[in-house]
Amino acid sequence: MTLMTTRPVTRRNAVVGIAAAAAALARPSISRAQSAARVVVVGGGFGGAACARALKRTNAALQVTLIEPNKIFTACPFSNEVIAGLRGIELQQFGYDRLAAEGIAVIHQAAAKIDAQQRTVAVADGTSFPYNRLVLSPGIDFHFEGLPGYDEAASEKMPHAWKAGAQTLLLRKQLEAMEDGGLVAIAIPANPSRCPPAPYERASLIAHYLKAKKPRSKVLILDAKDNFTQQRLFEQAWKELYGEMIERVALSQGGRVTSVDPSTGTIVTEFGNYSPEVANVIPPQRAGRIAEIAGAADATGWCPIDAVTLESKLAPGIHVIGDACLGGGIPKSASAASAQGKACAAAIVNLLAGRAPESPRLTGVCYNTVAPAYSFSLAGNYQPKGEIYAEVEGGTTSPIDAPRELRAREAADAERWYQTITADSFG
Ligand code: FAD
């Protein structure tokens, strides 16, 4: 499947197809007041880049500024393949030249301060950017207080690899350095977290690497959840492909990690202690810190939004999209961030023109890869229902008993999805 305008296909809990949003974006009549408007977008990942582009493409006269500290964005989708040695990191990396060429002012600094009253964003060097509407798409930060012993320094020994880049390569290096017969532990936090199925995909692909290169080794999943998405499909694939190599300790078996000791490499759970050769510790998460600075995050650390406009319920004039927002039934994914970015652009165009925003319908499918040429998928539809997005009828999932040809076709679809979504944001 490939991405289409009205019913795009995504890899992971994708949320797309915004027919209403597309219709709104296509409208030609834009008032002069709206043309002069300034929209600042903070965060040039999947959500922010898609949103900035959709805004500028709707109305070239709109002053769109994208604030992002990194000159190169490193994408998380398919980074598990990098960890497993199946792919180079360069295929994950994208610049912002195309966005700048479209007339978006790209500022390579971090947003440091937001004054919601004055409607300004200040960056690290003190420069201030006024806005009529602000979009925050800062992704996640880690909730270190939620995992005693773990912090930035600990992540150099026990990498999370939950933001792609140096951490991805560090985990890869540790796996390469490990002796055959070693134990790789993956600590998985409770939801909400970025991309809920990705840790299980990671366990699968690490097992694929170990089976070929270090077959006496094991993967141990220490899980703060009892159940997870597409569990039957994952477990069936593990049995079929990796036998006893992957073991999972669920929440009710004492699998939740309660603390770590990076000096000894120890992981402490409710059941016991583990000293793996490689510790991939994925800590609990919250919205990127700038959302809290803006006053858009609540006590959970995430940002409640209006489902139709994606405007913050706490900070008027500020919209929050992607992983940082509380999207109800929509899982945190690149697909969701991209689709929300486009829906948000449509809502902003309408709001600036004094029109009522339209209610979007978001549709998509997600892929999980457990080995080369072996993927399965989950499709879902989401609509605002009351205060939040809810999954509505029409979702599908890959069959449990399917020929390998279908799994191979879905793996090819997953690759096409990646090409499309990255081209959509950065290409
Ligand atoms: P991001 O894409 O993380 O972008 C946030 C941006 O904000 C960053 O560039 C950051 O530098 C910037 N930023 C942060 N703070 C500031 C600031 N103060 N000022 C300016 N800029 C700032 N999703 C899928 O759909 N399919 C998949 O197959 C998939 N696989 C995944 C595999 C793994 C291992 C992981 C970890 C995630 C995966 N995801 C997948 C999830 C996906 O990567 C995220 O959901 C997605 O990137 C969220 O987009 P975002 O725009 O919210 O945040």
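Rules of the game
- Residue numbers run consecutively from 1 along every chain, following the written order of its sequence.
- Local features are withheld for residues below a pLDDT of 70 in this predicted model, meaning they are given only at 70 or higher, and side-chain atom pairs are given and counted only at 80 or more; totals for whole chains, interfaces and linings count all residues.
- Remark: hydrogens and water are excluded; side-chain values derive from all non-hydrogen atoms of the structure.
- The predictor rates its confidence in each residue with pLDDT, a number between 0 and 100.
- Contact criterion: two residues are considered in contact whenever any of their non-hydrogen atoms come within 4.5 Å of each other.
- Each axis is a line fitted through C-alpha atoms, and for a helix only the stretch in contact is used; angles between axes span 0 to 180 degrees, taken between their N-to-C directions.
- Only DSSP runs of H or I reaching four residues or more are called helices, and only runs of E reaching two or more are called strands; each is numbered from the N terminus.
- These descriptions rest on fixed angle ranges, namely under 35 degrees for roughly parallel, over 145 for roughly antiparallel, 65 to 115 for roughly perpendicular, and the rest for oblique.
- Relative accessibility under 20% of the residue-type maximum defines a buried residue, over 50% an exposed one, and the middle range a partly exposed one, all with a 1.4 Å probe and only protein chains included.
- Salt-bridge detection follows one rule: a side-chain nitrogen of Lys or Arg within 4 Å of a carboxyl oxygen of Asp or Glu.
- What a helix is expected to span follows from its residue count: subtract one and scale by 1.5 Å.
- In this scheme, strands are said to pair when DSSP sees at least two bridges between them.
- Each crossing gets its hand from how the near helix is turned against the far one by less than a right angle, where anticlockwise is left-handed and clockwise is right-handed.
- Residues are grouped as follows: Ala, Val, Leu, Ile, Met, Phe, Trp, Tyr, Cys and Pro are nonpolar; Asp, Glu, Lys and Arg are charged; all remaining types, including Gly, are polar.

**What about the confidence of the model for the chain?**
Here is step 1: In this model, the chain carries a mean pLDDT of 91, and residues with pLDDT of at least 70 account for 91%.
Here is step 2: Within the model, the stretch residues 1-35 combines pLDDT values under 50 with 122 contacts to residues more than four positions away or in other chains.

**Some thoughts on the packing of helix H3 (residues 46-58) against helix H11 (residues 404-426)**
Here is step 1: At a minimum axis separation of 7 Å, H3 and H11 run at an interaxial angle of 55°. Of the possible angle classes, the one that applies to H3 and H11 is oblique. Contacts between H3 and H11 pair Phe 46, Ala 49, Ala 50 and Arg 53 from the former with Ile 421, Thr 422, Ala 423, Asp 424, Ser 425 and Phe 426 from the latter.

**Structural notes on unusual backbone geometry**
Across the chain, the bulk of peptide bonds are trans and the bulk of non-glycine residues have phi less than zero.
Here is step 1: With omega at 0°, the peptide bond leading from Asn 191 into Pro 192 counts as cis.
Here is step 2: Position of Pro 192 relative to the elements: it lies in the loop between strand E11 (183-188) and helix H7 (198-213).
Here is step 3: With a phi angle near 60°, Arg 119 is a residue other than glycine that sits in the positive phi range.
Here is step 4: Relative to the assigned elements, Arg 119 resides in the loop between strand E6 (111-115) and strand E7 (120-123).
Here is step 5: With a relative accessible area of 27%, Arg 119 lands in the partly exposed category.

**Brief notes about the pattern of salt bridges**
Here is step 1: Considering all chains together, one arrives at 17 salt bridges under this definition.
Here is step 2: For Arg 172, the salt bridge identified is with Glu 176, shortest N-O distance 3.4 Å. On the criterion of helical spacing, the pair formed by Arg 172 and Glu 176 is a turn pair, its members being four residues apart in helix H6 (residues 166-177).
Here is step 3: Look at Arg 172 and you get buried, because its relative accessible area is 14%.
Here is step 4: Judged by its relative accessible area of 45%, Glu 176 is partly exposed.
Here is step 5: In this structure, the salt-bridge partner of Arg 216 is Asp 180, at a minimum N-O distance of 3.6 Å. Placement of the pair is Arg 216 in the loop between H7 and strand E12 (218-223) and Asp 180 in the loop between H6 and E11, with a sequence separation of 36 residues.
Here is step 6: Residue classification places Arg 216 among the exposed residues on the basis of a relative accessible area of 62%.

**Description of H3**
Here is step 1: Along its 13 residues, H3 runs 18 Å from first to last C-alpha, staying within 8% of the 18 Å computed at 1.5 Å per residue.
Here is step 2: Most of H3 sits out of view: 12 of its 13 residues are buried.
Here is step 3: Listing the buried residues of H3 in full gives Phe 46, Gly 47, Gly 48, Ala 49, Ala 50, Cys 51, Ala 52, Arg 53, Ala 54, Leu 55, Lys 56 and Thr 58.

**Details of the sheet that holds E6**
Sheet strands pair via backbone hydrogen bonds, and the direction of the pair is either parallel or antiparallel.
Here is step 1: The antiparallel open sheet is built from three strands, whose spatial order is E6-E7-E8. Whereas interior strands pair on both sides, the edge strands pair on one side only; in this sheet they are E6 and strand E8 (128-130). Direction aside, the axes of adjacent strands within the sheet are offset by 25° on average.

**Regarding the environment of Ile 186**
Here is step 1: One can find Ile 186 in strand E11.
Here is step 2: Judged by relative accessible area, which is 0%, Ile 186 ranks as buried.
Here is step 3: A sequence separation of 106 residues divides Ile 186 from Glu 292, and the C-alpha atoms of the two residues are 29 Å apart.
Here is step 4: Those residues in contact with Ile 186, other than ones at most four positions away along the chain, are Pro 199, Arg 202, Ala 203, Ile 206, Val 219, Leu 220, Ile 221, Leu 222, Asn 280 and Ile 282.

**Concerning the packing of H6 against H7**
Here is step 1: At a closest axis distance of 11 Å, the pairing of H6 and H7 adopts a crossing angle of 35°. Relative to H7, the crossing made by H6 is right-handed. Contact residues: Leu 171, Arg 172, Leu 175 and Glu 176 in H6; Arg 202, Ile 206 and Tyr 209 in H7.
Here is step 2: Its residues assigned to classes, the contact of H6 with H7 shows four nonpolar, no polar and three charged.

**Concerning the pairing of E7**
Here is step 1: Every second residue of E7 is oriented toward a common face, with Thr 120 and Ala 122 on one face and Val 121 and Val 123 on the other, all of them buried.
Here is step 2: Across four bridges, the pairing between E6 and E7 is antiparallel. By the bridge assignment, Asp 115 is partnered in E7 with Thr 120.
Here is step 3: Between the antiparallel neighbours E6 and E7 lie four residues, among them Arg 119 with a positive phi of about 60°.
Here is step 4: As defined by bridge partners, E7 adjoins E8 across three bridges and the pair is classed as antiparallel. When the sheet's bridge partners are listed, Thr 120 is paired in E8 with Pro 130.
Here is step 5: Here E7 folds back onto E8, and the loop between the two strands holds four residues, one of which, Gly 126, carries a positive phi near 95°.

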